[in-house]
Amino acid sequence: MSRERARRRAEREAEQARQAVLRAEREARLARRRRRIGRVTAPLRRRPVRIAAQGGIRARRRRAQNGVVAVLFLVVQVIAWLLWSSWAARLGVLVLSALFAPLFVILVFDRRS
């Protein structure tokens, strides 16, 4: 009986030793990866990071105007897709919309400066 217990204990200890070796290899691999990533991203960390968005009245107004332009752009695209089955017409509407969107912004929202 005691030989059986000793054998099982030896097996358990051998398995624990194998697991410890695997864990140590995995941790070493992760440490090397973190060092590599740290070397690559180190120059980027020196820059100040701006988290908060502008909160003034002009910034809010500009965000609202940009949202209106985006929604109108999507509406025009959906209407074009529903009206025409030709890919050339759809592509033409997409290109013209992309070209005229800045003009629309300048004329309607008076963003000349």
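The following refers to the structure shown.

## Here's the deal with a positive patch on the surface
And step 1. A cluster of basic side chains, namely Arg 23, Arg 26, Arg 29, Arg 32, Arg 33, Arg 34, Arg 35, Arg 36 and Arg 39, defines a positive patch on the protein surface.
And step 2. Of note, Arg 23 is situated in helix H1 (residues 2-45).
And step 3. The exposure class assigned to Arg 23 is partly exposed, which follows from its relative accessible area of 40%.

## Concerning the pattern of salt bridges
Note that side chains of opposite charge can pair when their charged atoms are close.
And step 1. Scanning the model with the defined rule gives three salt bridges in all.
And step 2. Members of the salt-bridge network, linked through shared partners, are Glu 4, Arg 7 and Glu 11.

## Here we look at the packing of helix H2 (residues 57-83) against helix H3 (residues 87-109)
And step 1. H3 packs onto H2 with a crossing angle of 155 degrees between their chain directions and a minimal axis gap of 10 Å. If you check the angle between H2 and H3, you find them roughly antiparallel. Crossing of H2 against H3: the hand is right-handed. Contact residues: Gln 65, Val 68, Val 69, Leu 72, Phe 73, Val 76, Gln 77, Ala 80 and Trp 81 in H2; Trp 87, Arg 90, Val 93, Leu 94, Ser 97, Ala 98, Phe 104, Val 105 and Phe 109 in H3.
And step 2. Across the contact of H2 with H3, the residue classes tally to 14 nonpolar, three polar and one charged.

Procedures and definitions
Numbering of residues begins from 1 in every chain and follows the order in which that chain's sequence is written. Only residues with pLDDT of at least 70 are given local features in this predicted model, and only at 80 or more are side-chain atom pairs given and counted; all residues enter the totals for whole chains, interfaces and linings. Calculation of side-chain values draws on the structure's entire complement of heavy atoms; hydrogens and water are dropped beforehand. Patch construction takes residues with relative accessible area above 30% that form no salt bridge. Like charges are linked within 9 Å, and nonpolar side chains (Val, Leu, Ile, Met, Phe, Trp, Tyr) are linked within 5 Å. Calculation of accessible area relied on Shrake-Rupley with a 1.4 Å probe; when residues are assessed, cover is drawn exclusively from the protein chains displayed. Think of a salt bridge as a Lys or Arg side-chain nitrogen and an Asp or Glu carboxyl oxygen that are within 4 Å of each other. His residues and chain termini do not enter the charge count, which takes Lys and Arg as positive and Asp and Glu as negative. Throughout, a charge is located at the NZ atom of Lys, the CZ atom of Arg, the CG atom of Asp or the CD atom of Glu. Every helix listed is a DSSP run of H or I at least four residues long, and every strand listed is a run of E at least two residues long, numbered separately from the N terminus. Summary of the burial criterion: residues with accessible area below 20% of their type's maximum are buried, those above 50% are exposed, and those between are partly exposed, where the area comes from a 1.4 Å probe applied to protein chains only. Only the contacting stretch of a helix is used when fitting its axis, a line to C-alpha atoms as for every element, and angles between N-to-C directions run 0 to 180 degrees. In what follows, roughly perpendicular refers to angles from 65 to 115 degrees, roughly parallel to angles under 35, roughly antiparallel to angles over 145, and oblique to any angle outside these ranges. Note: crossing handedness is left-handed where the near helix turns anticlockwise from the far helix by less than a right angle, and right-handed where it turns clockwise. Contacts between residues were defined by any pair of non-hydrogen atoms, one from each residue, lying within 4.5 Å. In the scheme used here, Gly and all other residues not listed as nonpolar or charged are polar, with Ala, Val, Leu, Ile, Met, Phe, Trp, Tyr, Cys and Pro taken as nonpolar and Asp, Glu, Lys and Arg as charged.

None of this, on its own, says anything about what the molecule does.
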